[in-house]
Amino acid sequence: MKITKICCIGAGYVGGPTMAVIAQKCPDITVTVVDINQARIDAWNGEDLDKLPVYEPGLDKVVAEARGRNLFFSTDVNKAIDEAQMVFISVNTPTKTYGEGKGMAADLKWVELCARQIAAASTSDKIVVEKSTLPVRTAQAVKDILDNTGGGRKFQILSNPEFLAEGTAVEDLLAPDRVLIGGDPGPEGQEAIEALVSVYAAWVPRERILTTNIWSSELSKLTANAFLAQRVSSINAISELCEQTGADVTEVARAIGADSRIGPKFLKASVGFGGSCFQKDILNMVYISRSYGLTEVADYWEQVIKMNDHQKARFAKNIIKSLYNTVNGKKITFLGWAFKKDTNDTRESAAIYVADHLINEQAQITVYDPKVSEEKIYADLEYLNTRSPEEIRRLVKVVYDPYEACLDAHAVAILTEWDEFVDYDWQRIYEAMLKPAKVFDGRNILPHEELRTMASAYSPSERQYSNY
Ligand code: UDX
Ligand code: ADP
């Protein structure tokens, strides 16, 4: 079957960039991305490509090339579903905040609603592709709903998890390490798999397109994220040991990363991993493992999250301890709020939790992030439900100039590894800060020795330009 019309439900961080690249690479396929969020769709359709709802390097060019040609953004969900041969589900699957599995299981409400909507809107057979990361065996639920409410139409369900990382989404989509497609082993399932393989084969070498059964595909996505997060927690655990023993975690990472069996990637010690995937997917895996009675498996993976929580808390406690055990009324500047550089996404960002910890101690926090807005920062803190919006606004200020942010600060904390932070005039920042000036580098990106030398040269009594 040759695919000529695709619909994608969900115009978020995954749906938007993925569909933009499919449209760019397959000009003979009409791709319509739909969302119930009118503002989001308007932003995707907006003239100003700097204001797309998702910031990703290179995305503006891809959208500029394909939009209006064969890439469309719309809120007319039913029409787009009905016209398409293939419907991607790319909606959010956050951790449940209520009921059974609260705080652990994925909330599949939106996925189920999508399945019901696809069933109701379809007047012809469809291939339905799970793009959102879903717990293993979700495809069964989607299939049950479609088969029972789809008015006799035939639906093939495929799992095609997205491995793109934010900040490098376009790069990852253009040259993926692999594309994974899981489907039913029967002939119709294989035909559906082949249809999707043909879409990707327009730009991805065939040998990089892996096909599996549907459960392997669903579980592979959770497993990939769990392994990546585990590496970060492992190196973060070592970072604490390094601080006690005089070892340097960057040197240790380099030394172990040179072993080809270990490899150099994902070994950067940090203030803790964030993002919409790692924590959610591990919690999900822990929940599923427990539901099958696999206590040791669940406990093993849960430890990755515990280590991450510990690292965030440890960073905040270290700031408090270094500021003579009180931060009450002290200005602490956060450079960075996004969960990593080159994205405006703040979901589960370590900055949120470090800020909350410091606000508990009545610190005055000033935040500068090159891409994150004031409203987003306040919304993130309000979402924690730990204090009133008024208190948050009293204790947290957001500014759009880094030097203004650091003026009269007792301490500067680096929460995101934005490249521009390294290039700042740190002499100027140092002079503008209160003394002793302290810098807590939660991403290990600054030249620590240089900063120490600079501070001691400025005044021998001020050698406390310390680093995390
Ligand atoms: C991740 C997976 O990489 C991607 O394949 C999947 O599709 C979605 O989840 P993402 O969340 O965009 O992608 O970011 P990633 O680059 O994996 O980083 C996650 C977090 O780990 C960030 O907070 C990052 O700063 C942190 N991290 C990463 C470290 O602290 N150290 C590292 O060495 C690598
Ligand atoms: P992700 O990172 O997985 O892309 P996002 O939250 O960025 O997650 O995007 C998911 C999008 O899916 C949101 O814009 C949301 O409005 C949209 N969405 C959720 N449910 C539906 C639905 N039933 N129909 C259309 N859009 C939906």
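How each quantity is defined
- Residues numbered from 1 in each chain as written.
- Chains lettered and ligands numbered in written order.
- Predicted model: local features only at pLDDT ≥ 70, side-chain atom pairs only at ≥ 80, totals over all residues.
- Heavy atoms only, no water.
- Helix = DSSP H or I, 4+ residues; strand = E, 2+ residues; numbered from the N terminus.
- Rg over C-alpha atoms; globule rule 2.2 N^0.38 Å.
- Buried < 20%, exposed > 50% of the residue type's maximum accessible area, 1.4 Å probe, protein only.
- Areas by Shrake-Rupley, 256 points an atom, 1.4 Å probe, with all protein chains shown as cover.
- Lys, Arg positive; Asp, Glu negative; His and termini not counted.
- Charge placed at Lys NZ, Arg CZ, Asp CG, Glu CD.
- Domains from an automatic or database assignment.
- Buried area = accessible area lost by both parts, 1.4 Å probe.
- Salt bridge = Lys/Arg side-chain N within 4 Å of Asp/Glu carboxyl O.
- Nonpolar A, V, L, I, M, F, W, Y, C, P; charged D, E, K, R; others polar.
- Near = heavy atom within 4 Å.
- Polar contact = N/O pair within 3.5 Å; in protein donor to acceptor, adjacent residues only side chain to side chain.
- Pairing = 2+ DSSP bridges.
- Axes fitted to C-alpha atoms, helices over the stretch in contact; angles between N-to-C directions.
- Contact = heavy atoms within 4.5 Å.
- UniProt positions renumbered as here; feature names shortened; annotations may be inferred.
- Parallel < 35°, antiparallel > 145°, perpendicular 65-115°, else oblique.
- Left-handed = near helix turned anticlockwise from the far one by under 90°.
- Patch = residues over 30% accessible without salt bridge, like charges linked within 9 Å, V, L, I, M, F, W, Y side chains within 5 Å.

In the annotation of an unreviewed UniProt entry, the protein is listed under the name UDP-glucose 6-dehydrogenase and assigned to Nitritalea halalkaliphila LW7.

Asker: Mind laying out the overall build of the protein, listing which residues take part and the relevant values?
Answerer: When helices and strands are tallied, the protein shows 19 helices and 13 strands. A compact globule built from 468 residues would reach a C-alpha radius of gyration of about 23 Å, and the protein, at 24 Å, matches this within 12%. Reported as C-alpha extents along the three principal axes, the dimensions of the protein are approximately 80 × 50 × 45 Å. Out of the 468 residues in the protein, the part that is buried amounts to 53%. Summed over all atoms, the accessible surface of the protein reaches about 20,700 Å², with 51% contributed by carbon and sulfur. Here the protein contributes 52 positively and 65 negatively charged side chains, and the mean placements of these two sets differ by 2 Å.

Asker: Before we move on, could you go through the domain arrangement of the protein and cite the residues and values that matter?
Answerer: When the domains of the protein are assigned, the result is domain 1 (5-204) and domain 2 (226-467). On a C-alpha basis, the centres of domain 1 and domain 2 stand 33 Å from each other. Taken over both partners, the interface formed by domain 1 and domain 2 buries close to 1,600 Å², and the fraction arising from carbon and sulfur atoms is 54%. Three residues, Tyr55, Met104 and Glu166, lead the burial of domain 1 against domain 2; their summed loss comes to 41% of the area buried on that side. Where domain 1 packs against domain 2, one counts one salt bridge. Across the salt bridge formed by Glu166 and Arg347, the nearest N and O atoms sit 3.5 Å from each other. Its residues assigned to classes, the side of domain 1 that touches domain 2 shows eleven nonpolar, seven polar and three charged.

Asker: Got a sec to walk through the site of ligand 1? Specific residues and values, please.
Answerer: Inspection of the region around ligand 1 gives 20 residues, with Phe163, Glu166, Lys221, Ser270 and Arg443 positioned closest. Note that an oxygen atom of ligand 1 is positioned 2.7 Å from one of the side-chain N or O atoms of Arg443. Protein coverage of the free-state accessible area of ligand 1, which is 660 Å², stands at 90%. Residue contributions to the shell around ligand 1 peak at four residues, all from helix H9 (residues 214-245). The residue makeup of the shell around ligand 1, split by class, is eleven nonpolar, three polar and six charged. Formed jointly, the shell around ligand 1 draws a minimum of three residues from each of two domains, domain 1 (5-204) and domain 2 (226-467).

Asker: Provide a residue-level description of the sheet that holds strand E13 (residues 438-441), including the pertinent values.
Answerer: Strands sit in the order E11-E10-E9-E12-E13 across an open sheet of five strands; the sheet is parallel. Edge positions in the sheet fall to strand E11 (396-398) and E13, since each of these pairs with one other strand and no more. Recorded for the sheet is a direction-independent mean angle of 20° between the axes of neighbouring strands. As defined by bridge partners, strand E12 (residues 411-414) adjoins E13 across four bridges and the pair is classed as parallel. Across the sheet, residue Ala413 finds its bridge partner in E13, namely Phe440. The sheet contacts of helix H13 (residues 350-360) involve strand E9 (331-335), strand E10 (364-368) and E11, and relative to E9 the element is tilted by about 175°. On top of the sheet, helix H14 (residues 374-383) reaches E10 and E11; it is set at about 155° to E11, its chief contact.

Asker: Go over the UniProt feature "active site" (unreviewed entry) in the protein, please, and point to the residues and values.
Answerer: UniProt records the feature "active site" (unreviewed entry) for Cys277 in the present numbering. By the secondary structure assignment, Cys277 is in the loop between helix H10 (249-257) and helix H11 (278-291). The exposure class of Cys277 is partly exposed, given its relative accessible area of 24%.

Asker: Any chance you could break down the packing of helix H5 (residues 109-121) against helix H6 (residues 138-149) for me, citing the residues and the numbers?
Answerer: For the pair H5 and H6, interaxial distance at closest approach is 9 Å and the crossing angle is 30°. Taken together, the axes of H5 and H6 are roughly parallel relative to one another. Every pair of crossing elements has a handedness; the one defined by H5 and H6 is right-handed. Contact with H5, carried on its side by Val111, Glu112, Ala115, Arg116, Ile118 and Ala119, involves Thr138, Val142, Ile145, Leu146 and Thr149 of H6 and no other residues of that element. Partitioned by chemical class, the residues of the contact of H5 with H6 number seven nonpolar, two polar and two charged.

Asker: Tell me about a nonpolar patch on the surface, and name the residues and values.
Answerer: A cluster of nonpolar side chains, namely Tyr292, Leu294 and Val297, defines an oily patch on the protein surface of about 290 Å² accessible area. Along the chain, the position of Tyr292 falls in the loop between H11 and helix H12 (295-322).

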